[in-house]
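Structural overview
Now for the letters of each chain:
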Amino acid sequence: MEQYRRLETPKLWAVFGTQTMGDDGTLSGFTLADPDTSVKIIIEDSTGDVVQALDDMTKSATGKYYYAGYTIPSTANTGIWHYECRGTDSSGVSTGRGSFEVLEEVA
């Protein structure tokens, strides 16, 4: 798990694509693909409070997106933070989740 200190700006990643599902429900193959709409991110602190809501992520390559637009405040809660990335295409809304740990800043 990535660790960031207060006052740092994490770089959070999302990957979107398609997989094939066999008749037995087994997933195989993964092809990177872009959602039809922009990809958004929601960041929650260690208490579950939303600190960044539905901000746009930046495309790095087909199916790969990152977000580096949030600096962790000096007064932020330490602990495990979570984020969710959302993209929409013809099959509906795709979401992915991730987490990182916030530590106290180095004095």
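Structure: see above.
Residues numbered from 1 in each chain as written. Predicted model: local features only at pLDDT ≥ 70, side-chain atom pairs only at ≥ 80, totals over all residues. Heavy atoms only, no water.

Another point: the layout of surface pockets. Looking at the largest pocket, its volume works out to about 180 Å³. Forming the walls of the largest pocket are 13 residues, and the residues nearest its centre are Phe16, Gly17, Thr18, Asp89 and Ser94. Elements supplying a minimum of two residues to the lining of the largest pocket: strand 3 (17-21) and strand 10 (92-103). Broken down by element, the residue count for the lining of the largest pocket peaks at three residues, all from strand 10. (1 Å grid on protein atoms, 1.4 Å probe; cavity = no way out; pocket = protein on both sides within 12 Å on 5 of 7 lines; lining within 4 Å. Points joined across faces, edges and corners; volume = space filled by probe spheres on them. Helix = DSSP H or I, 4+ residues; strand = E, 2+ residues; numbered from the N terminus.)

Below, the discussion takes up the pairing of strand 3. As paired elements, strand 3 and strand 4 (residues 27-32) share four bridges and run antiparallel to each other. The residue of strand 4 that forms the bridge with Met21 is Leu27. The antiparallel pairing of strand 3 with strand 4 creates a hairpin that spans five residues between the two strands, and Gly25 there sits at a positive phi of about 85°. (Pairing = 2+ DSSP bridges.)

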